[in-house]
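What follows is each chain in one-letter form.
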Amino acid sequence: MAKINILPSKVYNRIAAGEVVERPCSVVKELVENAIDAGATEIEIRIEKGGKQLIRVIDNGCGIERDDLHSAFLPHATSKIAKAEDLENILTLGFRGEAVASIASVSKMTITSKTKDGKCYRLSSDGGEIGQITEAAGEDGTDVAVEMLFFNAPVRLNFLKTDKHEETEITNFVSRFILNRQDIAFTYYADGKKVLQSFGGSEEEAIVSVYGAAILSDCYKIDAEKHGIRIRGYIGNQNFSKPNKSYQSLFLNGRYILNATVSAAISNAYSSYLMKRQYPFYVLHIDVPTEIVDVNVHPNKADVRFADNQIIYGCIYSVISSILDGQTKALDYIVRDKTEPITETPVKPEKTVETPKRPTSFGFATLTYEEAQKEIEACAPAFTAKKQGAIELPFEDVKKEPRKGFIPAEQIADYQFPTPQEVAEQKERKPQKKDAERLHKQFPDLFFERHALELKSSEQKKETAEEDAFAQNKRYLEELERKSKQNKIDVSACVYAGKLFNTYLMYERGDEVYIIDQHAAHERLIFNRLKEQMQNRAVARQPMLLLYTLRLNAFESAFIRERLQEIREIGFDIEESGETAFSITAIPVDLQSIDLSVFFNEILGDIGGYRAIKLVDILKDKLATAACKAAVKGGMDLTREEIDALFTLMDGDMGLKCPHGRPVVVKLTRTELEKMFKRIV
Ligand code: ADP
Ligand code: MG
């Protein structure tokens, strides 16, 4: 065997370059990450010829000291970690100390850098041959120029795609940086033309600079915290989808990642709303404690490993699906649009105590219970005055100006104010549920943020969950109302107008006609019922004539054994019948037609990937199939009674979608018809 050689660093770097520097966009990524790690607030990126000719990243970060400039080019030179233990707690984007050395070895690289108190220095490398440090002119920060990438690695060069293609890849990377770091102002030029620019303001602004302003109205802004995991960002609504996954950005602890567990959780949450080959839009930031995630998986650091996939999957799935399914708790997760005008009294009565805006973890001002009470108390004189009609109120004619935290005069008029005695009593005791309820009823507008009734002190913490239920409930009702306004129609005004092709039922209402796909409608209604039963654990079981035996290997059996309870809860009677066998004696009535071996294979198919996938999610899919089978088909001749029954069940909800994401109802207006007949143009 040949003698073992310690590779010279130039050779080693070029091998490492294969891992870190695959193509121009990976260079952009590494350089921008270094700029971010250096604390830059402004980053300019310039590329030429898809980055093949030039990639230049200029930042206003901390800069590199003269003494460190040389070591920056050396492999495993990093200022970010010093010892092995630091790996447990990585907060910077870079930490391997590989990027600069690797890139330098396959290009002509020049770093010009100036620290705040130092002079500006420059050092170049030609294919890894490091030159001499010279003084240069430059601003605070670092300017890294990478020219002629892969000039000495012809094989790599051959693998590159066209300039335009490489440019698009880079644009994608820059977009992600903009979405990830809304606090940094990015400017990005390709061949001298400005392609993207953000200003380091808000999250909305970052999204708008990448996707355009229209996108926001199709999204929910969410901010949720569950089991120490925070999930925030924008997700597309049920009706908004994209034909591919390029509109999905996921950031974990500030790092762009691709992760199978997280994407499975998100796609499963959307599964009953989107058709096949439609993908949700999202820009999600997930923050988890550093100890439960391992980012040191691969040099390009795109994937991460979680200590417990199940928790991550569960949290993300439950947050997103509750929002899409319109569950009560969703209102806790949806951030109300800050720009939405809130109608409030423009002039505050004298006694009003101005509540200072306090930033919370959600970035909004909130009121504590006590503060909310104070606000109300402060408004008391105004109310009394108006009610008695004794005093002309000053604010009647004043132009209404939306302002948070004040109560509309009309509502004050009806408020039953507590007597002084009641107020005193109230101070004695802790806030009660009914107080919260009453406040909500009387002043829906006061509780404009989700934690309006949040109780802050530690001994009251336990009650928070309970109190939140009211804030939740309130928002839920609001949301329902908002939704129903959009999609719900008053069915009493609908007149049955016949059917087409034995499939489409028509209902006329004023100048509109609703065309309902009888199969899709029935399917959705059955699906909703099945899902509800499943969620309420009220599943009817159907005993099987013949016992079914499930034979598995040891690994699979362990997997099923851990989930026996869950499987039983969804309506299976299942028992262990040996080390590696299970017998099934009953199945959920609604899934009678299910092929048990296929069903269990699907569950077991996930064993390697995400052990976290909940059976309920697989079931959702099965339920959709069951619903589809059970539903009346298109072309099936329904009686008038059946048609009416179906329509009644729909309860005026014209926004329904079938479990596969297709619309149930299509609306046609008189105008549209008249246009077809050219009565109007
Ligand atoms: P890593 O980022 O993993 O530490 P790199 O090879 O990317 O390794 O960078 C090596 C070192 O060079 C960094 O640790 C940092 O000290 C310095 N450096 C690189 N780019 C910059 C920059 N834009 N501003 C300040 N320091 C930088
Ligand atoms: Mg780096």
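Position numbers for residues count from 1 along each chain, tracking the sequence in the order it is written. Chain letters start at A and ligand numbers start at 1, both assigned in the order the entries are written. Whole-chain, interface and lining totals are the exception, using all residues; otherwise, since this is a predicted model, local features are given only for residues with pLDDT of at least 70 and side-chain atom pairs are given and counted only at 80 or more. Excluded from the side-chain calculation are hydrogens and water; included are all heavy atoms of the structure.

So, on to the overall build of the protein chain. Helix and strand labels come from DSSP, where a helix needs a run of H or I of at least four residues and a strand needs a run of E of at least two; each type is numbered from the N terminus. Summing up its helical and strand segments, the protein chain has 22 helices and 23 strands in all. Summary of the burial criterion: residues with accessible area below 20% of their type's maximum are buried, those above 50% are exposed, and those between are partly exposed, where the area comes from a 1.4 Å probe applied to protein chains only. The proportion of buried residues among the 681 residues of the protein chain is 47%. Whether two residues are in contact is decided by their heavy atoms: any pair within 4.5 Å suffices. Long-range contacts, defined here as pairs at least 24 residues apart, represent 70% of the contacts in the protein chain between residues at least 6 apart.

Further remarks concern the packing of helix α6 (residues 163-180) against helix α7 (residues 203-211). Helix axes are fitted to C-alpha atoms over the stretch in contact, other axes to C-alpha atoms as well, and angles between N-to-C directions run from 0 to 180 degrees. In the contact formed by α6 and α7, the axes pass within 8 Å of each other and the chain directions differ by 160°. As far as their axial angle goes, α7 and α6 are roughly antiparallel. Between α6 and α7 the crossing geometry is left-handed. From α6, Ser175, Ile178 and Leu179 reach across to α7, where they touch Ala206, Ile207, Ser209, Val210 and Tyr211. For this scheme, ten residues count as nonpolar: Ala, Val, Leu, Ile, Met, Phe, Trp, Tyr, Cys and Pro. Four count as charged, namely Asp, Glu, Lys and Arg, and the remainder, Gly too, count as polar. Residues that form the contact of α6 with α7 fall into these classes: six nonpolar, two polar and no charged. Roughly parallel refers to an angle under 35 degrees, roughly antiparallel to one over 145, roughly perpendicular to one between 65 and 115, and oblique to any angle outside these ranges. Handedness of each helix crossing follows the sense of rotation of the near helix against the far helix: counterclockwise by less than a right angle gives left-handed, clockwise gives right-handed.

Turning our eyes to something else, we now look at the nonpolar core. Put simply, buried Ala, Val, Leu, Ile, Met, Phe, Trp, Tyr and Cys residues joined by side-chain atoms within 4.5 Å make one nonpolar core. Formed by 52 residues in total, the largest nonpolar core has its most connected members in Leu31, Val32, Ile43, Ile45, Met109, Val146 and Phe186. Take this core: its biggest share by element is seven residues, from helix α2 (residues 24-37). Note: domain ranges come from an automatic or database domain assignment. Shared between two domains, this core takes at least three residues from each, and those domains are domain 1 (9-197) and domain 2 (215-351 + 361-372). When sequence neighbours within four positions are dropped, the list of residues in contact with isoleucine 43 reads Val32, Ala35, Ile36, Val57, Ile58, Asp59, Ile184, Ala185, Phe186 and Thr187. By size, the runner-up hydrophobic cluster in this structure holds 37 residues, among which are Leu284, Val288, Ile323 and Tyr333.

This part covers the pattern of salt bridges. Salt bridges are counted wherever a side-chain nitrogen of Lys or Arg sits within 4 Å of a carboxyl oxygen of Asp or Glu. Following the criterion strictly, the structure yields 24 salt bridges and no others. In this structure, lysine 164 engages glutamate 167 in a salt bridge whose closest nitrogen and oxygen atoms are separated by 3.3 Å. Of this pair, lysine 164 and glutamate 167 both sit in helix α6, separated by three residues, roughly a single helical turn. Lysine 164 gets classed as exposed once you look at its relative accessible area, which sits at 53%. The class of glutamate 167 is buried, set by a relative accessible area of 12%. Among the ionic pairs, glutamate 674 bridges to arginine 670, the shortest N-O distance being 3.9 Å. Of the two residues, glutamate 674 and arginine 670 are both situated in helix α22 (residues 670-676); the distance of four residues between them amounts to about one turn of the helix. Accessibility expressed as a relative area gives 21% for glutamate 674, which makes it partly exposed. Since its relative accessible area comes to 44%, arginine 670 is described here as partly exposed.

One fewer than the residue count of a helix, multiplied by 1.5 Å, yields its expected span. Here α6 is 18 residues long and its end C-alpha atoms lie 26 Å apart, about the 26 Å a rise of 1.5 Å per residue gives. Regarding α6, the residues found buried are Glu166, Glu167, Ile170, Thr171, Phe173, Val174, Ser175, Phe177, Ile178, Leu179 and Asn180.

A separate point is the pairing of strand β9 (residues 193-197). Think of it this way: DSSP has to see at least two bridges between two strands before they count as a pair. Pairing between strand β8 (residues 185-190) and β9: four bridges, direction antiparallel. Across the sheet, alanine 190 pairs through a bridge with lysine 193, a residue of β9. Counting the residues that bridge the hairpin from β8 to β9 gives two residues, and of these aspartate 191 lies at a positive phi of roughly 45°.

A few words on the confidence of the model for the protein chain. Predicted confidence across the protein chain gives a mean pLDDT of 75, with 69% of residues reaching 70 or more. Long-range and interchain partners of residues 338-373, a stretch whose pLDDT sits below 50, account for 96 contacts in this model, where long-range means more than four residues apart. The low-confidence segment residues 375-418 (pLDDT under 50) makes 91 contacts with residues lying over four places distant or belonging to another chain. Confidence scores labelled pLDDT are given residue by residue by the predictor and lie between 0 and 100.

Here we come to the environment of glutamate 44. Mapped onto the elements, glutamate 44 comes out in strand β1 (residues 42-48). The spatial distance from the C-alpha of glutamate 44 to the C-alpha of alanine 185 is 8.3 Å, given a sequence separation of 141 residues. Setting aside chain neighbours within four positions, we find glutamate 44 in contact with Arg56, Val57, Ile58, Thr187 and Tyr189. Here a polar contact means two N or O atoms within 3.5 Å. Within protein one must be a hydrogen donor candidate and the other an acceptor candidate, and residues neighboring in sequence count only if both atoms are side-chain atoms. A polar contact is formed between the side chain of glutamate 44 and the side chain of arginine 46, at a distance of 2.5 Å.

Moving on, we come to the side chain of serine 557. Of note, serine 557 is situated in helix α17 (residues 554-562). Taking relative accessible area as the criterion, serine 557 reaches 0% and is therefore assigned buried. Filtering out sequence-adjacent residues up to four positions away, serine 557 remains in contact with Leu552, Glu579, Thr580 and Phe582.

Turning our eyes to something else, we now look at unusual backbone geometry. The backbone phi angle of aspartate 191 is positive, close to 45°, even though this residue is not glycine. Aspartate 191 sits in the partly exposed class, given a relative accessible area of 45%. Of note in the backbone geometry, lysine 678 takes a positive phi value of approximately 60° without being a glycine. As for its position among the elements, lysine 678 is in the segment after α22.

The strand order β17-β18-β19-β23 describes an open sheet built from four strands, whose pairing is antiparallel. The open sheet has two free edges, formed respectively by β17 (495-500) and β23 (665-669), since each of these has just one partner strand. The sheet shows a mean angle of 25° between the axes of neighbouring strands, direction not considered. Packed on one face of the sheet, helix α16 (residues 518-535) meets β18 (504-509) and β19 (512-517) and runs near 70° to β19. Sheet contacts for helix α21 (residues 640-650): β17, β18, β19 and β23; angle to β18, the most-contacted strand, approximately 65°.

The next subject is the packing of aromatic side chains. What counts as a ring pair is set by centres within 6.5 Å for rings of Phe, Tyr and Trp (its six-membered ring), and what kind of pair is set by the plane angle: stacked under 30 degrees, edge-to-face over 60, tilted for all other angles. Summed over the entire model, instances satisfying the criterion amount to ten aromatic pairs. Judged by centre distance (5.0 Å) and plane angle (75°), the ring pair of tyrosine 211 and phenylalanine 281 falls under edge-to-face. Of the two residues, tyrosine 211 is situated in helix α7 and phenylalanine 281 in the loop between α8 (260-270) and β14 (282-287); the sequence distance between them amounts to 70 residues. A residue is classified by how much of its surface remains accessible, and tyrosine 211, at 21% relative accessible area, is partly exposed. Three or more aromatic residues joined by ring pairs form one cluster here, namely Tyr211, Phe240, Tyr247 and Phe281.

This part covers the pairing of strand β10 (residues 219-226). Counting buried positions along β10 gives seven out of eight residues, so the element sits mostly inside the fold. Pairing of β10 with strand β11 (residues 229-236) involves eight bridges; the strand directions are antiparallel. Bridge pairing links tyrosine 220 to isoleucine 235 in β11. In this antiparallel pair of consecutive strands, β10 and β11, the connection spans two residues, and histidine 227 shows a positive phi of 45°.

With their axes 10 Å apart at the nearest point, α16 and α21 run at an angle of 55° to one another. The orientation of α16 with respect to α21, classified from their angle, is oblique. Crossing hand, α16 versus α21: left-handed. For the pair formed by α16 and α21, the contact residues are Gln518, Ala521, His522 and Leu525 on the first element and Leu646, Leu649 and Met650 on the second.

Here we come to a nonpolar patch on the surface. Here the term patch refers to residues with relative accessible area over 30% and no salt bridge, with like charges joined within 9 Å and nonpolar side chains (Val, Leu, Ile, Met, Phe, Trp, Tyr) within 5 Å. Throughout, the Shrake-Rupley method with a 1.4 Å probe supplies accessible areas, and for residues the shown protein chains are the sole cover considered. Where nonpolar side chains cluster on the molecular surface, the patch consists of Leu500, Phe501 and Tyr504 and spans about 320 Å² of accessible area. With respect to the secondary-structure elements, leucine 500 resides in strand β17.

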